[in-house]
Structures are given as C-alpha cells and as structure tokens.
Amino acid sequence: MAENLQNQNSPLTLENFWKILDSQLVSLGIPTALVGVALDFARKSEWQKAGLCLLAAVVLWFLIQIAHKLKPRIDKLLDWMLDNAEILLQNLWAKLTSGFEGKYYERLRFDCREYETQGINQQTLLLENLFVPLKIAQKDPDLVSQNIIQQAGVNPVEQQEIGNLLVRMTRDDIKQRLVILGAPGSGKSTLLRHITLMYATRRQRRLHRKVPKLVPVLLQLRKIYQDILQNPQPSLVDVIENAVENLQSTEPLKPREGWFGKRLRQGKCLVMLDGLDEIPDDAQRQQVSEWVSQQIGEYRDTPFILTSRPEGYRKAPLQGNVLELEVQPFTREQRNRFIQDWYLCRKKQDYKNKVDLGVRDSAKRQADHLMAQISGSPSLKVMARNPLLLIMIAISHENNRSLSTKRVDLYKEICQVLLEKRRRAKELPISLSAEQKLIVLRSLALKLMEENTQAFTLDESSPRDKTFKQAKALIQEKLATIPKQTLSPEEFITKDDQGVRELLSEREQEEIYEFAHKTFQEYLAAVAITKFNQQQKEKLLQKVFADEKTLSWWRETIRFYAAQTDASEIIAVALNYATVPVLTLAYQCWQEAEQITSQTVQEQLKAKFEEGLKSEELDEFTLAVQVKLTYRLSQLNDDLMESNSKTESSYAIDSSYISWAEYQLFLLLNQTKSPTPIVQQKLAQKPVTNINFWDANRFCAWLSLRTRKELGEPGICYKSATQTERQQRPCEEDQEYADKQGIRLVRFQVPQKYAQLAYYLAAGQWKEADQETDRVMLEVAGREKQGYLEVEDIQQFPCEDLRTIDQLWVQYSNGRFGFSVQKKIYLEVGGKLEGNLRHSRWEKVIAPLTGLYARIRGRVKKDQYEAFKRFGDRIGWRVNNDWISISTDVCYDASAPIGHLPIPIGHRITGSRSTIGHITTIQTNAFFSRVETCKI
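What this report covers is the structure whose coordinates are included nearby. (Residues numbered from 1 in each chain as written. Predicted model: local features only at pLDDT ≥ 70, side-chain atom pairs only at ≥ 80, totals over all residues. Heavy atoms only, no water.)

1. Considerations on the overall build of the protein chain
Next up, step 1: Within the protein chain, the secondary structure is distributed over 44 helices and 15 strands.
Next up, step 2: Here the protein chain, with 936 residues, has 52% of them falling under the buried criterion.
Next up, step 3: In the protein chain, the proportion of contacts linking residues at least 24 apart, taken out of those at least 6 apart, comes to 72%.
Next up, step 4: A total of about 45,800 Å² of accessible surface is found on the protein chain, and carbon and sulfur atoms cover 49% of it. (Helix = DSSP H or I, 4+ residues; strand = E, 2+ residues; numbered from the N terminus. Buried < 20%, exposed > 50% of the residue type's maximum accessible area, 1.4 Å probe, protein only. Contact = heavy atoms within 4.5 Å. Areas by Shrake-Rupley, 256 points an atom, 1.4 Å probe, with all protein chains shown as cover.)

Okay, here's the thing in structure tokens:
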C-alpha cells in the first residue's frame, strides 16, 4: 500500500508515461496490445517493427469487426450444420440398431406430410410449408368457447406454443398430460400432425431448442375407438401396434415385439390422442375417456396429449390432474403469415416447385390483395381467425380473384363444408344431409330477421328479453317434414355430430344461441327468401323499403338475396320509393346481382343516376349525387356497418377518386351554389381535379360530419390520400389523376374526445382547433379546474394522446403545424432537451427540483434563453424583437409561419393569457422533451 502511495505521489516522467500507456493499451485487448507494442518499438526508434505492429493491429481489429457482424449468421450456420448432422446420425443409428424405427418414422412422414383440408376440394399442399404455430392458453373447460368464430380474450403473456409445453412436460413443471380444447377448425388435429412430422423427420428442435427426444405416437380416436370398446380392457401397446399396422395398406408395417412397450415404460414416447369429440355416442365417449385415464395412470412417466372440442370433453373428461388448454384464434400476424405461405405454396405448385423472383412477386401480389380484402370486411376479418374458414376464404379468393362480389359463394361453401363435407371426409356417420339441415336453419334465420333479433332459446319459458322463444316449435315443425329422422330440436341444435353447432355460438351458461356471425344469419335468411313466391317477395321488399331502420336491419340480407337471384324485382320496388338509402341499396344490388332480366328497370335505374347527374333540375341532381356518394361511403366504411364489429385497424383507403358531381354537392350544400350545367354534362362522372390541399380538407370535414351522423361513429375522420398511401394501395385511376390534385379518400378513426378537434383542423378553423387542443389536453391531464398544466403534468402526459393530437395537426396542415414540427425547429436553433441540459453534478442534484424551479419562473442558462428567442423568431412568436400577444397577435391562418401553431404551450403551463414571452425555456424544454420521449 505504501509503495502504491509512493508511486501515486511520484512525479510523472516520460518513462512512467510510456509504462502507464502500455499497461492500459494491453488491458484493452489484442489490437490495442499490438498498438502498445508498436509504441514501445517507436520509443526505441525501431520504426519498421512499429509499423508492422500497427498494420497487424488494424488488420486484426478489422477482422474482429467482421466477426462481430457475421457472428449471428455463423451461429445460424453452425446450428444448421449441427441439426442436420444430428439428424443424419440419428437416422444412421436407427438403421444400424433397429430397422423398424426407420420404417416407422417413414410411415409417419407419409401419413402426416400433407396439409389436410377435409371436405374442401383442393390440391395437395405440404404441412411443413403451411403450418403456422398456434397459441395455447390455460382455461377452465367450462369456459372454453365452442364457437367456430372465437373472440380473442386471453392475455398474450399467458399464451404459449406447444414447444414450450413439451419442454415443461418432461421437467415436472406441469403434469405429463395435456388436454387441448378448441372450436371446430381451430387447428387441433393439424397441431398434432405437425408435432408428429417434426419428430418423424428428426427436426423436433424446431418446436423448441430444448424439446425432449421422444417417439411420436399419433392415434386418431375415431379410427380406434371400436377396438377399445370391443376388446375388454385392451392394453395401450396393443392399440398402438394395431394402429401402426394400419398406417399403410400397401405394405403394412409389423411392429417389433416389445418395442413400444419398452419405450412406454421408459417414458420415451409422446402419446397423442386426437378427436375425443368425434366418438358419436356419449356413453362410448365416456368409456374411451375412462380407458385413456387408465393408460395415463399406468404409464406415469409418459407424456400424453388429448384433443377435443370443448362440448365433447365436458361430457367425458379425463380423471386426475390434467392441464386443460384452449387453442387461441389466429391473430392478424398469424393470419397474414398463413396467407403469404399459402400463395407461395400454390405458386410453387404451378411452376413445378421452381421458386424465383417472378414466383415470389406473383405470390406476394395475390397475398396482399387477399389481406387487403379481409382487412376491409368485418365479417371476413372475424371468420379469418379460424384456420379452417381462412383456408376456405383463400380458396374462394384464388378461384374468383375477388371476395367482394362472390361472397355468397363463400358462405354457401362454408355451410356445405361445416354441415356435411368435413364429416364425410372423416368418414363419420351422418344422419341428415346438408340440404336437410339447411331446411331448418334457413327458416330459423328468416324468423330471427323478422323478429329483429339474433338470439334464440329452446326454453319457451325463458325470461330473456329480445330472444326468440318459439325456436323449439319452429325447429320441430321443420324436422317433421324430413323423412326418417328422429332428432329432437335439442339434439339438432346441441349435438356435435350434426355439424349445426359449428354454425352457432352459445352464450356461456345461458342456453342462448346465436349464429356464429350475423352474416351467417343474413345469408341463410336470404336463401329462405329465394323460396318465396312473387307475392311474398313483394310484400317483404315493401316492408323493408318503407322504413329506414328496417332497411338498415335487412340491408345485407337483401344484398345476399340479390346475389342469388334475378334482382329485377328488388330494383323495381326500390324505384317506387326513391329515397337515398333505398336507391343506394338498389345500386348495390345492381352491381352484385346474379342477373337482371328486366331491361326496363335497368334503364330506369340508370336514368336515375346517370341522367340525374347531368340534370339541370336541382332535386334530380341532388338525389343522384347523394346516392353516388352514399354508395361510395358504404363501400369504404363496410367494416364499420356492424355495431358489434371489433376492427383491427381503423384505416381504409378508397378505390377511386371523388367525382366532380360529388364535390359539387359539397359546394351546393355548403355554399348554396347551383350546379353548373357544363360540369354536369361533361365532367359529372370524372374525378375532380385542381383542388388545393385546404379545400380538399374542408370537403373531408364535411364528409366526416355526414358519416358520423349516419353511422353513429363519432370518431370517423377522412383526409386526402398522400403519395405514399396511394403507392401502398394503388388503384386504376392513380395513373391518370394522382398528379392532378384529385381527392382520394382515406378513412381513419380517432378516440371520440378528439373528433371535434379533427373537424376544426380539417375545416381550417385554426383558432377553434387551438382552443380545442387546450381544452382536450386539460381534460386528459385532469386539470380542467386549474386551467393550465404544471411541468410535472407535461412530463407524465400520455404519449398516445400527445401523438394523436400531433398527428391531426400535422396531417391537416400539410406538415406546417404540430408539436413535432415545433420540436424540430427548436432543436435546429440550438434548443436542448431535458436530457442534454444537466451536465454538471450540481445540475443532477437540483434535477428533482425542476418543477419548483419552473413554478417560480427561475431563469436558466443564458444560451438556452437565446435559443428560445431564436425559436420564437423562426415560428412567428416574436416580431421585431418582441413577443406577440396571445389574445391579439396570433396568426390563425394557413399562411402563418411553419410551426406557428398550436400556440397554447404557454398558457397551458402557466395560465398566462398575455404574451408568449412569459413561457420560460424550462417549460418549453419540458414539453419538447416529452414529445421526444414519446417518439413523436
């Protein structure tokens, strides 16, 4: 210690300096050690050696940097080499030690390699190319959804993939038995087939890096339950061996004696039992469940996985400690990944497995088109949560290239698959055909539409309001018309083996049923209407068109009906009413109808629109344009039409440009200008051009108010599409009108509290927008009574709200105004944010007192105040070296300097109503620091 002190107190000589430098450089690594050696050679004037050492240091440093960059890729390469080496060694060992294991795994690969789409006519696709990992979450079986369309309601943190569960199963974190429950088509069977395929191809580590090495045993209970019931207490080994022999009929595989028994006793098998619910008889299902429980008890070290629909499992649960899990519906990311993989696989098939840039580009275009259509439709978006329905949507899109006008075919195919085709493909018993079930379901759907409800019950004494209570009698009446059937209404609705449950959802524990989605009810009701006689159809249409609320309830049903039949009568009746909602529906039916045989009604409808747009009669012109605009907005806002829809995104972009006629309606209703005949005749249907940014905003503000009133959605906003948005969602008219200052609408939504601010900004009412910004920020911070924000309030202001306010200001001002614009200018003139102001230890000590410092208006460093003044000069808050008055000098105009608005930073913080000069640099710094923290 004394020596160290002496060294520390000794004078620093040149020799000591070189020693210290050498030791420090050496401690920093080999390149710096070489630099230290080079310095030592230089000290001795050995320049050649010093140069070589420096060169070696540079080369070595360069190689180290390359190694750091390549390390992730090298790690992946090594992992790939090790994985494949492991697979080769395992296959070799299997051949050397047991020819049976290799042959067994080969049979499993043959059996599980295809992506099964039971009941759907489709070419073969490989499972490994299409499988999307499912999310699974723990849930009480009584609460697991039976509905084919599920609502995602589980915390993402609680969700796991099967690989994590397999690791836990062999580490005693959880019991070695799982029950995986899920709605029809949710992917339970596909999940087990994927696990089997990964093990059979020796690639189980793709499930998880630490997944245990096990022998997969996949048993489909619908194929083996008779063996279990016919033989008194058959052993698991016998059942497995019989199933293995039946894997391939061409060359049956005979298991080696004792091979499976030994591995079961050692806990080296993974036994997967698929489809407990597919055993049709309740009593037989209970017997099989008891047998499975016995096997689990006998082979305690062997992991078991059982799958079932929740209703089937509730009637025959396993005994003992079992972890029950629920398959979660697809997220948007899972859905999009499946669609992308689907089209890539389909294109690979078309080009005989050749994958080049052209194949990938073609697959991407079709996948993007389908994803855009799903995102724009609430019913498709909800259905696409289910893997089975998503496959059917993809097939329909692939065959028709569109889902917008062919959705009736999609719903027809879904009903056929769910009610019959899947069961036939699985070789399950069928008591009623799909057509016979539809006789009952379409009558029920029509009655629900007539009763203005979606809910029904089989309990005629139910006290539930707005619930159809005569469903049991109606179902019984329709079942009585079907020969040789003995089902009761309860059996028809509730039994899994009918397929009807797949089209229905049930409110938990309430015995209240609904169709899985309102669109299924609307489609089936439309099918029932096609069976009406002429008088019944006309009576229904008159009832629907006579009342606006009734029309709103029946609108989609009438569209489904038109798509299946001759729409002449719909249009003829609609023309007698000639209101905007009725004619808009007639126009939709005209676009989507299967056929229109009456040339007369077509000409009459065409005259209403095309001649009306050219008419010099104000009433005729207004009616035609309102129908045109209403139709446009109904298409754009299709995903908002259903009050119970939960959209993933509030963003949608129109597929065409606003016409001269539509823009002129805006001028007519807002500026009392009569339509110009020249515009009507020559340009009525053409996109409006040469509309400046601010006028386009005012048009969008008008549309926003109109749509909010019609749909009851207070947060709906419109704006004109930017160049980037047009490039992301191109349309045909872009090529001609993108550069001619046309209006292509973008719809988005904001929280209700910001709807008024959005309107003021779009309408160019800058002063009102400034005051509304002040009001809403005080509301968010809970400072309405105080009337201003403290620095601490700003430091804790919610980022989401701050971001919404800024985005509205920026987009409706064409990038001129907004907090982010002001922050950028503040930094450009030398302003510093909170994190950059505290350099000294003293400043760090007083940092907690910044709020107090702001309240007493303490002055900060002079250079920061000078920067604040430069900031005021740039954005027009200072004129002629003097701060402007908040009450009289603010420029509420689009021509104000960039960053001039919003103003109320000062009086929000201090309550001052005089000049902006009362704002201190600490206050400005705190606000822009929050903007920076929120990444705005």
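Next comes the rest of the account.
2. Here we look at unusual backbone geometry
Next up, step 1: With an omega of 0°, the peptide bond between Leu901 and Pro902 qualifies as cis.
Next up, step 2: Tracing the sequence through the fold places Pro902 in the loop between strand E15 (882–883) and helix H43 (905–910).
Next up, step 3: The phi dihedral of Gln741 is positive, around 55°, even though this residue is not glycine.

3. Quick look at the packing of helix H28 (residues 618–636) against helix H31 (residues 693–711)
Next up, step 1: Their axes nearest at 12 Å, the elements H28 and H31 cross at an angle of 80°. Here H31 runs roughly perpendicular to H28, going by the angle between their axes. Contacts between H28 and H31 involve Gln626, Leu629, Thr630 and Leu633 from the first element and Trp702, Leu703, Arg706 and Thr707 from the second.
Next up, step 2: Here the residues of the contact of H28 with H31 are counted per class, giving four nonpolar, three polar and one charged. (Axes fitted to C-alpha atoms, helices over the stretch in contact; angles between N-to-C directions. Parallel < 35°, antiparallel > 145°, perpendicular 65-115°, else oblique. Nonpolar A, V, L, I, M, F, W, Y, C, P; charged D, E, K, R; others polar.)

4. Points about helix H10 (residues 236–245)
Next up, step 1: By the criterion of burial, H10 is predominantly enclosed, with seven of the 10 residues buried.
Next up, step 2: Of all the residues in H10, the buried ones are Leu236, Val237, Val239, Ile240, Glu241, Ala243 and Val244.

5. Looking at the packing of aromatic side chains
Next up, step 1: Taken as a whole, this structure holds 39 aromatic pairs when the rule is applied.
Next up, step 2: With 6.1 Å between their ring centres and 55° between their planes, Tyr115 and Phe338 make a pair best called tilted. Taken together, the positions of Tyr115 in the loop between helix H5 (99–112) and helix H6 (127–130) and Phe338 in helix H14 (residues 332–350) put the pair 223 residues apart, joining distant regions of the chain. This pair shows no difference in class: Tyr115 is buried, exactly as Phe338 is.
Next up, step 3: Feature note: the residues Phe819, Tyr826, Phe868, Phe871, Trp877, Trp883, Phe927 and Phe928 constitute an aromatic cluster, connected by ring pairs.
Next up, step 4: Positioned over the ring face of Tyr737 is Lys740, at 5.5 Å from the centre of the ring.
Next up, step 5: Lying across the ring of Trp883, Arg878 places its NZ or CZ 5.3 Å from the centre. (Phe/Tyr/Trp six-rings, centres within 6.5 Å; stacked < 30°, edge-to-face > 60°. Lys NZ or Arg CZ within 6 Å of the ring centre and 35° of its normal.)

6. Things to note about the sheet that holds strand E3 (residues 215–220)
Next up, step 1: Within the open sheet, the six strands sit side by side as E1-E6-E2-E5-E4-E3. Their pairing is mixed. At either end of the open sheet lies a strand with only one pairing partner, and these are strand E1 (136–138) and E3. Going from strand to strand, the sheet's axes swing by 25° on average, the running direction of each strand aside.
Next up, step 2: Across four bridges, the pairing between strand E2 (residues 177–181) and strand E6 (residues 323–327) is parallel. (Pairing = 2+ DSSP bridges.)

7. Re the sheet that holds strand E12 (residues 716–720)
Next up, step 1: Taking strand neighbours across the sheet as the criterion, the three strands line up as E11-E13-E12 in an open arrangement whose pairing is antiparallel. A single partner strand is all that each edge strand has here, and the edge strands are strand E11 (652–653) and E12.
Next up, step 2: As paired strands, E11 and strand E13 (residues 745–749) are joined by two bridges and run antiparallel to one another. Note that in E13 the partner of Ile653 across the bridge is Val746.
Next up, step 3: Packing against the sheet, H31 makes contact with E12 and E13, and its axis sits at approximately 155° to E12.

8. Concerning the nonpolar core
Next up, step 1: Ranked by size, the top nonpolar core spans 128 residues in total, and within it Ile162, Leu166, Ile195, Ile305 and Phe545 carry the most contacts.
Next up, step 2: For this core, the leading source of residues is helix H19 (residues 434–450), giving nine residues.
Next up, step 3: Formed by 48 residues, the second largest nonpolar core is a distinct cluster that contains Leu757, Phe797, Leu802 and Phe928. (Core = buried A, V, L, I, M, F, W, Y, C linked by side-chain atoms within 4.5 Å.)

9. Some thoughts on the pattern of salt bridges
Next up, step 1: Enumeration according to the criterion identifies 32 salt bridges in this entry.
Next up, step 2: Linking Lys447 and Glu451 is a salt bridge whose minimum nitrogen-to-oxygen distance equals 4.0 Å.
Next up, step 3: For Glu451, a relative accessible area of 40% puts it in the partly exposed group.
Next up, step 4: Sharing partners across several salt bridges, the network here consists of Arg555, Glu556, Arg559 and Glu592. (Salt bridge = Lys/Arg side-chain N within 4 Å of Asp/Glu carboxyl O.)

10. Regarding the state of the cysteines
Next up, step 1: On inspection of all chains with the given rule, the structure shows one disulfide.
Next up, step 2: Bridging Cys799 to Cys934, the disulfide has an S-S length of 2.0 Å. Around the S-S axis, the bridge from Cys799 to Cys934 shows a dihedral of about -70° and counts as left-handed. Residue Cys799 is located in helix H37 (residues 799–812), and its partner Cys934 is located in the segment after helix H44 (921–933); the two are separated by 135 residues in the primary sequence.
Next up, step 3: As a non-bridged cysteine, Cys700 has Cys717 as the owner of its nearest cysteine sulfur, 10.0 Å distant.
Next up, step 4: Cys700 sits in the buried class, given a relative accessible area of 0%. (Disulfide = S-S within 2.5 Å.)

11. Focus: a positive patch on the surface
Next up, step 1: Together, Lys213, Arg256, Lys262, Arg265 and Lys268 make up a region of like positive charge exposed at the surface.
Next up, step 2: Mapped onto the secondary structure, Arg265 falls in helix H11 (residues 259–265). (Patch = residues over 30% accessible without salt bridge, like charges linked within 9 Å, V, L, I, M, F, W, Y side chains within 5 Å. Lys, Arg positive; Asp, Glu negative; His and termini not counted. Charge placed at Lys NZ, Arg CZ, Asp CG, Glu CD.)

12. Focus on the pairing of E2
Next up, step 1: The buried fraction of E2 is high, at five of five residues.
Next up, step 2: Side chains Arg177, Val179 and Leu181 of E2 all project onto a buried face; the interleaved residues Leu178 and Ile180 project onto the opposite face, where all are buried too.
Next up, step 3: Relative to strand E5 (residues 304–308), E2 runs parallel, the two being bridged by five bridges. Each residue of the ladder has a partner; that of Leu181, found in E5, is Ser308.

13. Quick word on helix H23 (residues 534–546)
Next up, step 1: With 13 residues, H23 extends 18 Å from end C-alpha to end C-alpha; this agrees with the ideal 18 Å at 1.5 Å per step.
Next up, step 2: Within H23, the full set of buried residues consists of Lys537, Leu540, Leu541, Val544 and Phe545. In a view along the axis of H23, the buried residues occupy a sector of 125°, so they form one face of it. Facing away from the buried surface of H23 by more than 90 degrees, the exposed residues are Gln535, Lys539 and Ala546.
Next up, step 3: As for H23, its buried residues are in contact with helix H22 (518–529), helix H24 (548–562), helix H25 (568–577) and helix H26 (580–592).
Next up, step 4: Between a side-chain oxygen at the N-terminus of H23 and the backbone nitrogen of Gln535 the separation is 3.2 Å; the capping residue is Asn533. (Expected span 1.5 Å × (residues − 1). Arc of directions from axis to C-beta. Polar contact = N/O pair within 3.5 Å; in protein donor to acceptor, adjacent residues only side chain to side chain.)

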